[in-house]
Amino acid sequence: MPEYSGKLYFPGRLYSITLYSGMKTVRYTIDAARDLKRHGNMASRVRTAISEYAEGEGAHANNVTRLVGSTGSRMRVGDYRAIFEETETAITVTKIAPRGGAYD
């Protein structure tokens, strides 16, 4: 399990958590952080899955799919979906929702 740096900052509308050991930085938008709070029973599973994917893309590669007509991707965690955008150094999570409402 990756260690968190404990540094939280708000550049613009991003809520950011920096992870150690040379992996990608995981950032949550304000809306995604609110979604995590709203779906508290799944929050730890979603955060764990995203941090494992940031650590090494092979960890959850079979659960990640590029979205058609968008630059984003989605990760399947049980019946929930995490919508995110990925660069070489960062993953920005924009939305977390149950399967039926994730693509609205």
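Residues numbered from 1 in each chain as written. Predicted model: local features only at pLDDT ≥ 70, side-chain atom pairs only at ≥ 80, totals over all residues. Heavy atoms only, no water.

1. A look at the pairing of strand 3 (residues 25–29)
Summarising burial for strand 3: 4 of the 5 residues are buried, a large majority. Sheet analysis places strand 3 next to strand 7 (residues 90–98), joined by 4 bridges and oriented parallel. Residue pairing in the sheet places tyrosine 28 in a bridge with valine 93 of strand 7. (Buried < 20%, exposed > 50% of the residue type's maximum accessible area, 1.4 Å probe, protein only. Helix = DSSP H or I, 4+ residues; strand = E, 2+ residues; numbered from the N terminus. Pairing = 2+ DSSP bridges.)

2. Considerations on helix 2 (residues 40–55)
Its 16 residues place the ends of helix 2 23 Å apart at the C-alpha level, agreeing with the 22 Å of an ideal helix rising 1.5 Å per residue. Of all the residues in helix 2, the buried ones are Met42, Ala43, Val46, Ala49, Ile50, Ser51, Tyr53 and Ala54. (Expected span 1.5 Å × (residues − 1).)

3. Focus on the pairing of strand 6 (residues 80–86)
Within strand 6, 6 of the 7 residues are buried, which leaves the element mostly enclosed by the surrounding structure. Relative to strand 6, strand 5 (residues 73–77) runs antiparallel, the two being bridged by 5 bridges. Bridging across to strand 6, valine 77 finds its partner in tyrosine 80. If you look at the hairpin formed by strand 5 and strand 6, you'll find 2 residues sitting between the two strands, and glycine 78 has a positive phi there, around 65 degrees.

4. Regarding helix 1 (residues 30–38)
Of all the residues in helix 1, the buried ones are Ala32, Asp35 and Leu36. Summarising the axial view, the buried residues of helix 1 lie within an arc of 100 degrees, below the 170-degree limit, and thus occupy one face. Counted as exposed and oriented over 90 degrees from the buried face of helix 1: Lys37 and Arg38. (Arc of directions from axis to C-beta.)

5. Some details on the pattern of salt bridges
Tallying each qualifying case throughout the model produces 3 salt bridges. When the shortest N-O distance is used, the salt bridge between lysine 24 and glutamate 86 registers 2.5 Å. Pair noted here: lysine 24 is in the loop between strand 2 (14–19) and strand 3 and glutamate 86 is in strand 6, with a separation of 62 residues, a long-range link. A salt bridge links aspartate 35 to arginine 38; the nearest nitrogen and oxygen atoms lie 2.9 Å apart. Pair noted here: aspartate 35 and arginine 38 are both in helix 1, with a separation of 3 residues, about one helical turn. Note on arginine 38: relative accessible area 55%, which makes it exposed. (Salt bridge = Lys/Arg side-chain N within 4 Å of Asp/Glu carboxyl O.)

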